[in-house]
Amino acid sequence: MKPTQQIQFDKASFQTSVKKHLSSTYATTIEKASSRAWYLAMGRALAELTTFDLLETEQDERIRNAKSVNYLSLEFLIGRLTGNNLISIGLYEEVTQAMGELGQSLTDLLEEERDPSLGNGGLGRLAACFMDSLAAQEFPTVGYGLHYEYGLFKQSFEQGHQKEAPDAWCGVEGYPWEIARPDLAQEIGFYGHVEVVQDNGRELRRWVPGMVVKAMPWDIPIVGYQSNTVYPLRLWECQAIAPFSLESFNNGNYFEAQHALIDAGNITKVLYPNDNHEKGKTLRLMQQYFHSAASVRDILRRHEEAGHTLASLPKYETIQLNDTHPTIAIPELMRIFVDEKGMGWDEAWVICSKTFAYTNHTLLPEALETWSESLIQRLLPRHMEIIYQINHLFLKEVRAKWPGDVSKQRKLSIIQEGFHRMVRMANLCVVGSYAVNGVAALHSDLVKRDLFPEFHELYPTRLHNVTNGVTPRRWLKFCNPGLSQLITDKIGKQWAADLDQLEAISQFADDTEFQQQFMAVKKANKQRLADWVQDNMNIELDTNAIFDVQIKRLHEYKRQHLNMLHILSLYHRLLNDADFDMVPRVFIFAAKAAPGYHLAKEIIYAINKIAEKVNNDPRINNKLKVVFLPDYRVSMAEIIIPAADVSEQISTAGKEASGTGNMKMALNGALTIGTMDGANVEIREEVGDENIYIFGLEVDEVERLHASGYNPYLYYNADPLLKASLELLVGDEFTPGEVGKLRSTYDSLLDGGDPYLVLADFAAYVEAHEAIDAQYRDQQGWAKKAILNTALVGKFSSDRSIRDYVNNIWQLESVKR
Ligand code: 26W
């Protein structure tokens, strides 16, 4: 077994380093330093240790000569690093002691760290879990992302309404874990025109950008658990090259060169807050190209510096595209090969299409990216030519496969015809990649069946499934120390590096003593959350109640409004049915709505208003509490997830590609109430039907209902409880004196046609909740189910996901240092 502490640690010199940073970096003294200054100085001192290993890893000959994965993602939702890194390098106790001797509590200092919220939700958090698992298993990797100045907006509530504020995650002092790499900076062009030059009778095309900006990389160390391998997460920051490009000035692109000054500073200013909704904004495409171009050049730089030939690129490098957001990397690599390296098109295409692989994360039509041809033409004129050429050759293949079938060509073409011609990024990805994968078994089946059926026929081995996973380090060991200790006491500590070992816990599922210990830990975690709610929201929660949790982005397809209707039905029954009884419940929500998504914001408002009334209504005797925690982020999830009894995973079947919160909560001993959607299907397979509450329409039933003409009024008129619950939204029950303030949700569910079938699933959902209520009354039975959830979800470790990618897609080997 490997030692848990690899990095050389000497307490006295560490303390000296912290003190040195206090004075020389943060200009303060031991006597005067604030907690924040102590945290920053400690962070810098720790980062020095990992930077050393980062550079060592970078120089390691065996790694330079091994195949690496380059994970390209516009989002990495890493969350706070300090506590997690201390666990990975095995120095948590040592640093607790070292800081204690300096009069500082490590736990308090860790609270000083702001979350780097460089992602929207699932896709960004998945990228962070994958980096953790790649480093832990020592697969050579570089994560490439963007160094946004402002991460996802901070959320607060004003009279129940969501308010957004900018999130300056770096603070004025900078983020202690990152190091600038000015020697690795790149120049990135935009706009301009294409020149044709003759070269020995050959016609070469060359892009002359009208504007050039600088890409400055910042490295964040990704520390492998129980290993001394440190791989970089390389985040590009856009800087202007002052004052503007002389070349473009001379070429008459004066106007566009002026753009440079305005645009350059903006490119990495802020993360776009849309989740699953594509808006086609120019600046977003600039972010995408900036990210792709800087990353592709850095990959080629590493490859060439290691002495490898261009032809051997796929042997040493694979480039994983996290959704279509970095798709433009494909034509960019082609441009470099053909225009800059003088390679022939066919050779370039063979190399290129063996290098890229693409992960699809959503089937929602409004999330599938298309960019207007005219925008690409203006911003990236040479790339547009290359896309035409790729499409031209691809359509030849289509014609060969389906001669004379024009509809096939129209459907598969990378260019969507019409008044405004659009480039379909997903089609470009499938054509330019050697592998395409969905993120859960059901989702991957739907990718084959509904999204890309013709591509599947054309390229029968290209489409794969890799079921998502979550890192057990952050999502159990770090966030739930009580449960981690209990598990370690029973089965030893190696589970955190090999999550399948948790299965051994199932032998204690009937053991009453273990059940009591398990439930005691859950209770303590509920108390920790209740304390947070008391301190921050001034609401008192009873930890004997069922903690029922729905935490994820606010979206109609995720159906927070179904949960809300269930709450209304309970409220209605408590007030109107003297025989009705229920185990006290606390409904916990946390979610950000995209700032431009009106209905999502209205749902937040409605839940907040309902909470206000219900929480203070003496008639219901504290049976019901509703809390909407503000500013959902990774560090909040770390408090909420260990405290969950019930995990709400209630999307309309076929809409949630995978979900990963479902995995985190099951791992922490929550019982899922969920539809047959995304990874819920596989969670059920693992934990068994008796340990999960599945309800509602399945994918084919959803399709049939839509096809037959769904009418929500049929459900409304047939179900008195549903009707009564909905009617609570139209009066002034929750907004005294102001009638109809919560109408939007009601309207969308009735006159709006209820596109996500909330009403159709309502009755089944209520029934599943009744079963949960009944089960909770039997605490031993509940404990057994909760234990089995923890024990049986080892499959959902992101270590396993990464091994699936490695074995089935990337074909690379780990390098132990
Ligand atoms: C262009 C706008 C946009 C922005 C983000 C479109 C799509 C996205 C993401 C793909 C949305 C996303 O985060 N998808 C989620 O990915 C998770 C990781 O695979 C899955 O677990 C979720 O089910 C899926 O919704």
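Cut-offs and rules
Residues numbered from 1 in each chain as written. Predicted model: local features only at pLDDT ≥ 70, side-chain atom pairs only at ≥ 80, totals over all residues. Heavy atoms only, no water. Helix = DSSP H or I, 4+ residues; strand = E, 2+ residues; numbered from the N terminus. Rg over C-alpha atoms; globule rule 2.2 N^0.38 Å. Buried < 20%, exposed > 50% of the residue type's maximum accessible area, 1.4 Å probe, protein only. Contact = heavy atoms within 4.5 Å. Areas by Shrake-Rupley, 256 points an atom, 1.4 Å probe, with all protein chains shown as cover. Lys, Arg positive; Asp, Glu negative; His and termini not counted. Charge placed at Lys NZ, Arg CZ, Asp CG, Glu CD. Pairing = 2+ DSSP bridges. Near = heavy atom within 4 Å. Polar contact = N/O pair within 3.5 Å; in protein donor to acceptor, adjacent residues only side chain to side chain. Nonpolar A, V, L, I, M, F, W, Y, C, P; charged D, E, K, R; others polar. Salt bridge = Lys/Arg side-chain N within 4 Å of Asp/Glu carboxyl O. Core = buried A, V, L, I, M, F, W, Y, C linked by side-chain atoms within 4.5 Å. Axes fitted to C-alpha atoms, helices over the stretch in contact; angles between N-to-C directions. Parallel < 35°, antiparallel > 145°, perpendicular 65-115°, else oblique. Left-handed = near helix turned anticlockwise from the far one by under 90°.

## What about the overall build of the protein?
- Scanning the protein from N- to C-terminus turns up 34 helices and 23 strands.
- Its C-alpha atoms give the protein a radius of gyration of 27 Å, near enough to 28 Å, the size a compact globule of 817 residues would have.
- Across the 817 residues that make up the protein, the buried fraction comes to 63%.
- Considering only contacts within the protein whose residues lie at least 6 apart along the sequence, 77% involve residues at least 24 apart.
- About 29800 Å² of surface is accessible on the protein, with carbon and sulfur atoms providing 50% of the total.
- One way to put it: in the protein the 83 positive side-chain charges average out to a point 3 Å from where the 108 negative ones average out.

## Observations concerning the sheet that holds strand β23 (residues 693-694)
- Overall, parallel pairing links the six strands, which are arranged β20-β19-β18-β21-β22-β23 in an open sheet. What marks the edges here is a single partner per strand, and that holds for β20 (624-628) and β23.
- Relative to strand β21 (residues 646-649), strand β18 (residues 546-551) is paired through two bridges, and the arrangement is parallel. Of the residues in β21, the one forming a bridge with V549 is S647.

## Re the site of the ligand
- Close to the ligand lie 20 residues; H361, N468, E656, S658 and G659 are nearest.
- Here an oxygen atom of the ligand and a side-chain polar atom of Y557 are 3.2 Å apart.
- A distance of 2.6 Å separates an oxygen atom of the ligand from a polar atom in the side chain of E656.
- Coverage of the ligand by the protein amounts to 97% of the 570 Å² it exposes when considered alone.
- Of all the elements, helix α7 (residues 122-136) adds the most residues to the shell around the ligand, at three residues.
- Residues of the shell around the ligand, tallied by class, amount to six nonpolar, nine polar and five charged.

## Some points on helix α27 (residues 680-687)
- Among the residues of α27, N680, V681, E682, I683 and V687 are the ones counted as buried.
- Tucked inside the fold, the buried residues of α27 contact α18 (441-451), β21, α26 (661-667), β22 (671-674) and α33 (779-792).

## With respect to the pattern of salt bridges
- In total, this model carries 58 salt bridges according to the counting rule given.
- Here E56 ties to R817 by a salt bridge, and the two come within 3.8 Å at their closest N and O atoms. Taken together, the residues span a long stretch of sequence, with E56 in helix α2 (residues 35-59) and R817 in the segment after α34 (798-810) at a distance of 761 residues.
- On the basis of relative accessible area, R817 is assigned to the partly exposed category, the value being 29%.
- As a salt-bridge pair, D761 and R559 come within 2.8 Å of each other at their nearest N and O atoms. Separated by 202 residues along the polypeptide, D761 in helix α32 (residues 758-777) and R559 in the loop between β18 and α23 (560-576) bring together distant segments of the chain.

## Focus on the sheet that holds strand β13 (residues 370-372)
- Spatially, the three strands line up as an open sheet ordered β13-β15-β14, and their pairing is antiparallel. Each having just a single partner strand, β13 and β14 (415-416) make up the two edges of the open sheet.
- Pairing analysis gives two bridges linking β14 to strand β15 (residues 422-424), with the strands arranged antiparallel. Of the residues in β15, the one forming a bridge with Q416 is M422.

## Looking at the side chain of D219
- Mapped onto the fold, D219 is located in strand β9 (residues 211-223).
- A polar atom in the side chain of D219 sits 2.8 Å from the side chain of R181.
- Here the side chain of D219 touches R234 through a polar contact of 2.8 Å, side chain to side chain.
- The residues touching D219, leaving out its near neighbours within four places in the chain, are L54, E58, W177, E178, I179, R181, P232, L233 and R234.

## Structural notes on the nonpolar core
- Core analysis: the biggest nonpolar cluster contains 281 residues, and F14, V95, F190, F290, L629 and L759 have the highest contact counts within it.
- Per element, the largest residue contribution to this core is 11 residues, and it comes from α2.

## Overview of the pairing of strand β8 (residues 202-208)
- Looking at chain direction, strand β7 (residues 193-199) and β8 are connected through seven bridges and run antiparallel. By the bridge assignment, V197 is partnered in β8 with L204.
- Once β7 ends, the chain turns through two residues before running back antiparallel as β8, passing N200 with a positive phi of about 50°.

## Some thoughts on the packing of helix α10 (residues 282-305) against helix α12 (residues 329-340)
- Between α10 and α12, whose axes approach to 9 Å, the crossing angle comes to 50°. When the axis of α10 is compared with that of α12, the two are oblique. In terms of crossing hand, the pair formed by α10 and α12 is right-handed. Between α10 and α12, the contacting residues are Y289, S292, A293, V296, R297 and L300 on the first element and A329, E332, L333, R335, I336 and F337 on the second.

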